[in-house]
Amino acid sequence: MSLIAIEGLRKSYGEHEVLKGIDLEVAKGEVVAVIGKSGSGKSTLLRCVNGLEAINGGSITVDGARLAGDEAHLRALRLKVGMIFQQFNLFPHKTAGQNVMLAQQVVKKTGKAAAEAMARRMLDRVGLGEKFGAYPDQLSGGQQQRVAIARALAMEPMALLCDEITSALDPELVGEVLQVVRGLAAEGMTLMMVTHEMAFARDVCSRVVFMHQGRVHEAGPPGEVFANPRTPELQSFLGRVA
């Protein structure tokens, strides 16, 4: 059974339909890259899966539980599915360690000692064990994004959604973040990633989904999608980003 199952998903903002009937399944341990032009609905898709956007039609099921809009269901969903954004969204007045501890304490009601122990383990996991007491303005953009990844991992999610997590970074910092994600993929973490990093998608992801005008236009193994695009839209997109 799929860990994430999306059927007939529709999402509109007023008269503008952004998602036009998305069907997509993500298996446990799968790493899925979602690619496409700006405005194709990629980020909206992730936000719907995490319950950040109310859907207008279709269904989303995570680990056998169908997404519902009430607060209790949304809270349970976000314990299963973590999300990492373009912006790091760290609290500037809290240290890296405190940022990683906070959601555990507030959402999971984890005690301070246990939350701190988890935070230290997760910061170690992303290569920032020595930065527990550092404030965000003392960290590079790449380090801040790795703290954000540690914060998501500390909630022990079944899957991570990554929304263009390197797009706000200077080019020299992209590699350190992708290296962490590469490690998570190797460990078997289920990942659904909106990305413009085509080389990473080709090397690390098990499947690539190309979205165009609110629909899944093509999907398949990276070697097939990149080497033999079947539609003019994907050929054009890859020609621009290659």
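These numbers were taken from a predicted model, which means no experiment stands behind them.

Description of the UniProt feature "domain: ABC transporter" (unreviewed entry) in the protein
Here the UniProt feature "domain: ABC transporter" (unreviewed entry) sits at residues 4–238. Secondary structure within residues 4–238 divides into 40% helix and 26% strand; the distance between the first and last C-alpha atoms comes to 27 Å.

Considerations on a nonpolar patch on the surface
Taken together, the side chains of Leu-79, Val-106 and Val-107 present a nonpolar region at the surface, about 210 Å² in accessible area. In this fold, Val-107 is placed in helix α3 (residues 96–107).

Digging into the sheet that holds strand β10 (residues 215–220)
Ordered in space as β6-β7-β8-β3-β9-β10, the six strands form an open sheet in which the pairing is mixed. With one partner strand each, in any of the chains shown, β6 (81–84) and β10 form the two edges of the open sheet. Neighbouring strand axes in the sheet, compared pairwise and without regard to direction, differ in orientation by 20° on average. Across four bridges, the pairing between strand β3 (residues 31–35) and strand β8 (residues 190–194) is parallel. Of the residues in β8, the one forming a bridge with Val-31 is Leu-191.

Side note on the environment of Leu-161
If you trace the backbone, Leu-161 turns up in strand β7 (residues 159–163). Judged by its relative accessible area of 0%, Leu-161 is buried. Each C-alpha atom of the pair Leu-161 and Phe-85 lies 8.5 Å from the other, and the pair is 76 residues apart in sequence. In this structure Leu-161 touches Leu-46, Val-49, Asn-50, Val-81, Gly-82, Met-83, Ile-84 and Met-192, once residues within four positions along its chain are discounted.

Side note on the pattern of salt bridges
This model, assessed by the stated rule, comprises 11 salt bridges. Between Glu-17 and Arg-10 there is a salt bridge; the shortest N-O distance is 2.7 Å. Across the pair Arg-125 and Glu-187 runs a salt bridge, and its minimum N-O distance is 2.5 Å. Of the two residues, Arg-125 is situated in helix α4 (residues 112–125) and Glu-187 in the loop between α6 (171–186) and β8; the sequence distance between them amounts to 62 residues. Take Arg-125: its relative accessible area is 37%, and that puts it in the partly exposed class. One salt-bridge network, held together by shared partners, links Lys-11, Arg-47 and Glu-53.

Conventions used here
Residues numbered from 1 in each chain as written. Predicted model: local features only at pLDDT ≥ 70, side-chain atom pairs only at ≥ 80, totals over all residues. Heavy atoms only, no water. UniProt positions renumbered as here; feature names shortened; annotations may be inferred. Helix = DSSP H or I, 4+ residues; strand = E, 2+ residues; numbered from the N terminus. Patch = residues over 30% accessible without salt bridge, like charges linked within 9 Å, V, L, I, M, F, W, Y side chains within 5 Å. Areas by Shrake-Rupley, 256 points an atom, 1.4 Å probe, with all protein chains shown as cover. Salt bridge = Lys/Arg side-chain N within 4 Å of Asp/Glu carboxyl O. Pairing = 2+ DSSP bridges. Axes fitted to C-alpha atoms, helices over the stretch in contact; angles between N-to-C directions. Buried < 20%, exposed > 50% of the residue type's maximum accessible area, 1.4 Å probe, protein only. Contact = heavy atoms within 4.5 Å.

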